[in-house]
Each structure stands twice: as structure tokens, then as C-alpha cells.
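Survey of secondary and tertiary structure
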Amino acid sequence: MEFNASTANLLKIKADSLILPTGLELTTTAKEIDDALDGAITSLIESKDFTGKTGQCSLLHRTEGHFKRIVLVGIDSANTTQKVISAVESAATVILKTPSKKAVWVADGLSNDHQWLASIVARSFSTATYAYAGTGIKPTPKTLKALTFWSAAKKDSSAAKTGLAYGTALGNGMNVARQLGNLPANICTPNYLASQAKKLAKDQPNLTTTVLKEADMKELKMGSLLSVSAGSVEPANLIVMNYKGAASNVKPIVLVGKAVTFDTGGISLKPGRGMDEMKFDMCGGASVFGVINALLATNLSVNVIGIVPAVENMPAGNATKPGDVVTSMSGQTIEVLNTDAEGRLILCDALTYAGRFKPDTVIDIATLTGAVIGALGKVTSGLLSNDDDLAEQLLDGGTRSGDRAWRLPLWEEYDKQIKSNFADMANIGGEAGTITAACFLSRFTKSYKWAHLDIAGTAWLSGAQKGATGRPVPMLMEYIRSKASEN
Ligand code: BES
Ligand code: MN
Ligand code: ZN
């Protein structure tokens, strides 16, 4: 889809639909349109069809005039970021169900920050047009091809353009993450992810991809990571995508994304019900792909290294068994009490490897624990960090982009729970599973600023809406963008 910004006379823009946010008290633009339409909006309000509540949409059909339809989008006084985003998303859903080809989005009303609003509009329309394709599914293309973001004042035009470019890049990045997440595990294997990463770097002077194979990882003594893929016929890959957007002396942000392309639990086999959803256990890695895609499109002046440990967790005669002790790249030994706690086993070696890049910051993203769903549901990602400023910056990025996280503690009392009688640590603790998992990781991240995002609840939806969400690409990009503005 194409986006552009305009400040031209609204009634002269060639488009078949107008999307008009307003409350019951009409905005300046809504008043003008109401006048031009002989009070059509006022009468919708009088009939109580349009309530003006944030997110409520009314579709007004017209037989004459050049806008064939007008979508009124409610805005009330208590507009939070979250509400504005869901209002934009519902308007996108409404308009995409019509045969509209070209629509105009009226910027007044929802927010005075036109750059931010334009970014939300472009992102929401980009993600709303995504439909899973592949494995025999051929979605019908959406008819809407172009959206004009219209501001009344000329001075707002460049902010709108900046916002549209960013939002488009972000929305497309989220769609990349969703597509990789949605692909079944017999297609989206560790080798498939590696080939996608190589493909991404083709003809991109700012990006280089390298893939460490099992033999390379053996040489690096990544015994923990390799213990997870031992039972699988799919070889493990450690994918490294190096995006160079800033001077070489600018320390990189390293993103480490868990990519278990399928998590059966291994010998600690998971129950059958809903096990298909464990194809989404690579969504952390997919979010790294999403960010790298968005960086290539925005050219942000920042250095980002994306590390994606990609493995499949299977039971087999040569699979790791409960009680086995493995040695990580850091030299620390781990007693594998539960082979289903495999995410931390691949992340710890990837996190040790991350130290080689002399990072400014390391953020890992992982569908790590079912426990985070118990704590925060499917709404909020879990955040744990060894650095208060970094935690704050990520939480802020989540708030601004409507992709929120909540911080949990990393205290010693929890860390005690992963004590082992036979190794430096066990791979599971007792209660507070999200925290003990992060405590485990924290033992490998002592030399740098680090944050961990547990996205087990937020990376995908279940039920009728089953599919990957593209989270937390918005939060990560917002954080990276604020860091880029310092360079
Ligand atoms: N990938 C799962 C976490 C998960 C579970 C994500 C359910 C989304 C929904 C992870 O590898 C896992 O199995 N974790 C275990 C850890 C336990 C064995 C300590 C869990 O959460 O049950
Ligand atoms: Mn598991
Ligand atoms: Zn897992």
C-alpha cells in the first residue's frame, strides 16, 4: 500500500473514501464536511448511530459528491495512546471491508503529534493488509491501494511524511515477523531461517549475514545450545545479521531472538493439546528479522546486530535427557532437569557469544515461559533487566508504540531456586517461572547492560484469531529510534 501526506484542499483530493475522526462535538474539519454534506454528520449523531466513543466507527454511504463513503471514527476526551491505536485499527478494518481504492485520513482530532499519528496510521494499515499466504492459501488482495494522510496546516506536512515512512517500515517489519511465525515448522526450519537471513543481506551494503553451523558451534563450545538440537534431524544454526547504520566506533545494540522452530518439549514431552502452537516458539527470532527489515527501510543511524539461535526441540534416542549435565560456552555447567526449558539453554550460549561484539546493550526476546501468561496475560510482555535506565527506556518505547511491557524483579531470592547439586545451575527453578528463567539468563549477561523480554503471551494469538502478532517489533524499533537520535 502507498501512503502520502497532503495539505491540499480536502474537498479537492481525488479519493473515494474519507476517514474522519471526531467526537460528538465536531472537530473543525468535521464541521466543514458536515456543512458541505447538509448536516449528514449531525443527523447521524442525532439518530445516536454515531456515539463518538473512541474507536466506534460509522460508515456513511453517499450517492453523490466525490467521496463515496465517509467513515466516522469516534474520539472522546480520555484518549490514551492505546485507545488511539485501537481506534485507527478499527477504522482500518472498516475501510478494508469496503471496495474503497483510495482513502483520505483526516489528521485533526486524534492527536496533535502528526508524526506519531501518521506513524500509527501507516503501521496499522500496513499490518491490516497482511494476510497469511503460502501452504495453499492465496488471500484475495485488498482493494485499498493508497492512503493520503491529510493535515490542515502546511507546517505539519513534513512531520506527517516522516511518520508515514517510519510507520510503513515498522508495519512491514511486523508483517515479516508474522509471516515467519505463521509458517509451519516443516517449512520454517533453522535452515529456512538461515536462508531468509542470507537473502535479506543480498544487495544490501548495510547488512551482512553470517551463519554458524553446528561444527562452528562445537568449536565455540556451545554445549548448551547444541544439547537442545541433539534429538532433531534439523541442524541448528546461529544466525548473525549485522546492520551497520552508524560509524564503526558506535557500539552496537545486540538483539538475541529465541528461534525454536518447533518445541515438542523434547524428552520432557509436552501434552498434545495445542502443541501445534509451538511452531510460534521462534517468534523472538522472527521479531529480530522484523527489526532488521525495518532498519533497512528506515536507514536509522545505529548499529544493530541481530543474533538468532535457531533449533528444533525433539525427543529421540540421542536427545538430551533430564538429569544430563551440559557445559555452556561460558564454561558454566547446567543440569538439564527439564528438556522443555530449552529456550534458556540456547539463549545462554547466544548471549555469551553476544559479548564478542562489545555491545552497548543486549536485549533478548523470547517466548520463554508459560508462566508469563499467568502473570500478564496476552496483553503485556514481561521485562527483566540488570539496568534500570535500559528497563525504563524499553518500557517508554512500549508505551509510545502501544506495545507494552511490565517489569518483574530479578532478585537473589529467586536466583537461589536454580541451584543444582550436580552442576553450576539447574535449568528450572520452583515458583515464579518467568523470573527464575531470567535469573538463569542473567548469569550469562554480567558483562553488559541487558534486558530480557518474555513474549510468550504477546507474540501470537490463539483461537479464531490464531496467528503471530509481530510484537514486540514496535517497542524494539521505538527504543532503537530513540538511540539512533543520539548518534
Ligand atoms: N516455549 C515454551 C514456553 C511457552 C509455553 C510459550 C506456552 C507459550 C506458551 C518454553 O520452552 C517452555 O516450554 N517453558 C516451560 C518451562 C518449564 C519447563 C520450566 C513452561 O513454561 O512450561
Ligand atoms: Mn519448551
Ligand atoms: Zn520453548
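Values in this document were obtained by computation on a predicted structure and should not be read as measured data.

1. Side note on the overall build of the protein chain
Assigned secondary structure in the protein chain consists of 15 helices and 20 strands. Taking 2.2 N^0.38 as the reference for a compact globule, 487 residues should give roughly 23 Å; the C-alpha atoms of the protein chain span a radius of gyration of 24 Å, in line with that estimate. In terms of overall dimensions, the protein chain has a C-alpha envelope of 80 × 50 × 45 Å along the principal axes. Within the protein chain, the proportion of its 487 residues that are buried is 58%. Considering only residue pairs separated by 6 or more positions, the protein chain has 77% of its internal contacts joining residues 24 or more positions apart. Looking at charge distribution, the protein chain has the averaged site of its 49 positive side-chain charges lying 5 Å from that of its 46 negative ones.

2. What about the site of ligand 1?
Close to ligand 1 lie 17 residues; Lys270, Asp281, Asp340, Glu342 and Gly370 are nearest. At a separation of 2.9 Å, an oxygen atom of ligand 1 approaches a polar side-chain atom of Lys270. Here ligand 1, which alone exposes 510 Å², has 77% of that area covered by the protein. Taken together, the residues of the shell around ligand 1 sort by class into six nonpolar, four polar and seven charged.

3. Quick word on the pattern of salt bridges
The final tally for this structure, using the stated rule, is 15 salt bridges. A salt bridge links Lys83 to Asp76; the shortest N-O distance between them is 3.6 Å. The exposure class of Asp76 is partly exposed, given its relative accessible area of 25%. It is possible to trace a salt-bridge network through shared partners that takes in Lys258, Asp281 and Glu342.

4. A few points about the sheet that holds strand 3 (residues 57–61)
Within the open sheet, the six strands sit side by side as 1-6-5-2-4-3. Their pairing is mixed. Two strands bound the open sheet, and with one partner strand each, they are strand 1 (2–6) and strand 3. When strand polarity is set aside, the average angle formed by the axes of neighbouring strands in this sheet is 20°. Taken together, the five bridges between strand 1 and strand 6 (residues 146–150) define a ladder with parallel strand orientation. Note that in strand 6 the partner of Ala5 across the bridge is Phe149. Its contacts with the sheet put helix 1 (residues 28–36) on strand 2 (17–22), strand 4 (69–74), strand 5 (102–106) and strand 6, and the angle it makes with strand 2 is roughly 130°. Where helix 4 (residues 114–128) meets the sheet, it contacts strand 1, strand 2, strand 5 and strand 6, and its direction lies at approximately 165° from that of strand 6.

5. Overview of helix 10 (residues 343–354)
Given a rise of 1.5 Å per residue, 12 residues ought to cover 16 Å, and the 16 Å separating the end C-alpha atoms of helix 10 matches this to within 8%. Of all the 12 residues making up helix 10, 12 are buried; the element is thus mostly covered by neighbouring parts of the structure. Restricting attention to buried positions, one finds in helix 10 the residues Gly343, Arg344, Leu345, Ile346, Leu347, Cys348, Asp349, Ala350, Leu351, Thr352, Tyr353 and Ala354.

6. Overview of a negative patch on the surface
Residues Glu32, Asp35, Asp38 and Glu64 make up a contiguous surface patch of negative charge. Secondary-structure assignment places Glu32 in helix 1. With relative accessibility at 51%, the residue Glu32 sits in the exposed group.

7. Notes on the domain arrangement of the protein chain
Interface size is often expressed as the accessible area that is lost when the parts come together. Per the domain assignment, the segments making up the protein chain are domain 1 (2–154) and domain 2 (175–484). Once you take the C-alpha centre of each, domain 1 and domain 2 turn out to be 37 Å apart. Carbon and sulfur atoms supply 44% of the area that domain 1 and domain 2 bury against each other, a total of about 1,000 Å² over both sides. Among the residues of domain 1 in contact with domain 2, Gln82, Tyr130 and Tyr132 are the three that bury the most area, contributing 48% of the side total. At the boundary of domain 1 and domain 2, one finds zero salt bridges. Remark: the boundary between domain 1 and domain 2 carries nine residue pairs in polar contact (both at pLDDT 80 or more). The dominant element in the side of domain 1 that touches domain 2, judged by the number of residues it contributes, is helix 4, at five residues. Broken down by class, the residue content of the side of domain 1 that touches domain 2 amounts to five nonpolar, six polar and one charged.

8. A few points about the coordination of the zinc ion (ligand 3)
Surrounding the zinc ion (ligand 3) are the protein donor atoms Lys258 (NZ), Asp263 (OD), Asp281 (OD) and Glu342 (OE), which sit 2.0 to 2.4 Å from the metal. For the zinc ion (ligand 3), the six donor atoms in the first shell make angles of 78 to 176° at the metal, so the coordination geometry reads as octahedral. A distance of 3.2 Å spans the gap from the zinc ion (ligand 3) to the manganese ion (ligand 2), which Asp263 bridges by coordinating each metal. Just as Lys258 is buried, Asp263 falls in that class too.

Rules of the game
- All residue numbers refer to position in the chain's written sequence, counted from 1.
- Chains carry letters and ligands carry numbers; both start at the beginning, A for chains and 1 for ligands, and go up in the order they are written.
- In keeping with the model being predicted, local features are shown solely for residues with a pLDDT of at least 70 and side-chain atom pairs are shown and tallied solely at 80 or more, while totals for entire chains, interfaces and linings include all residues.
- Excluding hydrogens and water, the side-chain values take into account all heavy atoms of the structure.
- Numbered from the N terminus, helices here are DSSP runs of H or I no shorter than four residues, and strands are runs of E no shorter than two.
- Throughout, the radius of gyration refers to the C-alpha atoms, and the reference size of a globule is 2.2 Å times the residue count to the power 0.38.
- Residue burial is assigned from relative accessible area. The probe radius is 1.4 Å, only protein chains are included, and a residue is buried under 20% of its type maximum, exposed over 50%, and partly exposed in between.
- Every residue pair with non-hydrogen atoms within 4.5 Å of one another is taken to be in contact.
- In this charge count, Lys and Arg are treated as positive and Asp and Glu as negative; neither His nor the chain ends contribute.
- In this description, the location of a charge corresponds to atom NZ of lysine, CZ of arginine, CG of aspartate or CD of glutamate.
- Residues are labelled near a given molecule or strand when at least one of their non-hydrogen atoms is within 4 Å of it.
- Polar contacts here mean pairs of N or O atoms no more than 3.5 Å apart (in protein, one a potential hydrogen donor and the other a potential acceptor; neighbouring residues in sequence count only if both atoms are side-chain atoms).
- Areas reported as accessible are Shrake-Rupley estimates using a 1.4 Å probe. Residue values count occlusion only from the protein chains shown.
- Here the nonpolar group is Ala, Val, Leu, Ile, Met, Phe, Trp, Tyr, Cys and Pro; Asp, Glu, Lys and Arg are the charged ones; every other residue, Gly included, is treated as polar.
- Note on definitions: salt bridges are taken to be side-chain nitrogens of Lys or Arg within 4 Å of carboxyl oxygens of Asp or Glu.
- One bridge is not enough; two strands pair if DSSP finds at least two bridges between them.
- In this description, a line fitted to the C-alpha atoms serves as the axis of each element, helices being fitted only across the stretch in contact, and the angle between N-to-C directions of two axes falls anywhere from 0 to 180 degrees.
- By definition here, a helix of n residues has an expected span of 1.5 Å times n minus one.
- Exposure above 30% relative accessible area and no salt bridge define the residues that can form patches, which grow by joining like charges within 9 Å and nonpolar side chains of Val, Leu, Ile, Met, Phe, Trp and Tyr within 5 Å.
- Domain borders in the structure are assigned automatically or taken from a domain database.
- Once two parts are put together, the accessible area they lose, assessed with a 1.4 Å probe and summed over both, is termed the buried area.
- Each metal's donors comprise the N, O and S atoms found within 2.8 Å of it (within 3.2 Å for Na, K or Ca). Water is not part of the atom list, so some coordination spheres may appear incomplete.
- Every angle between 85 and 135 degrees makes a four-donor site tetrahedral, while opposite donors more than 155 degrees apart, with all other angles between 65 and 115, make a four-donor site square planar and a six-donor site octahedral; other sites are irregular.

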